Amino acid sequence: MVEPLPEYSVSTKESESSSEHAHHVANERLVSWYDACTSPAAEDADNTRAEIRDQTIGRANRENIKELLATAALYPLTVQREMPIEEFEHLISNARDEAGDAGLKVGPPQD
């Protein structure tokens, strides 16, 4: 229940009417806010922001993956498997090209 400000001298009937009005206004604002948050437009905006965030992260990680490929593969391929360094560099070059292709995705094909 909303109390009238101390400076006001209002009757009990006016106070109840004012409290009911304040409650109604607060309820309307809450319903309006909820409708705005759950509307399809709000969901679309959230999806768009999430897609933009994912694309930004993906672009940044694409460069990281290119560096990680050579780092992670160097010892196992050149020392353990005794791959010639020229073959290794060619393999990593091709892998970096594939990693830079945004059209390629890891995982099962999507229909």
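Residues numbered from 1 in each chain as written. Predicted model: local features only at pLDDT ≥ 70, side-chain atom pairs only at ≥ 80, totals over all residues. Heavy atoms only, no water.

Details of the overall build of the chain
- In terms of regular secondary structure, the chain is built from 3 helices and 0 strands.
- For the chain, the residues scored as buried account for 8% of the 111 residues in total.
- Residue pairs at least 24 apart in sequence account for 38% of intrachain contacts in the chain once pairs closer than 6 positions are excluded.
- For the chain, the computed accessible surface area is about 9,700 Å², with 55% contributed by carbon and sulfur atoms. (Helix = DSSP H or I, 4+ residues; strand = E, 2+ residues; numbered from the N terminus. Buried < 20%, exposed > 50% of the residue type's maximum accessible area, 1.4 Å probe, protein only. Contact = heavy atoms within 4.5 Å. Areas by Shrake-Rupley, 256 points an atom, 1.4 Å probe, with all protein chains shown as cover.)

Topic: the nonpolar core
- Membership of the largest hydrophobic core is limited to 5 residues, which are A70, A73, M83, F88 and I92.
- Taken together, the elements giving at least two residues each to this core come down to α2 (40-80) and α3 (85-99).
- Aside from chain neighbours lying at most four places away, what touches M83 is L77, T78, F88 and L91. (Core = buried A, V, L, I, M, F, W, Y, C linked by side-chain atoms within 4.5 Å.)

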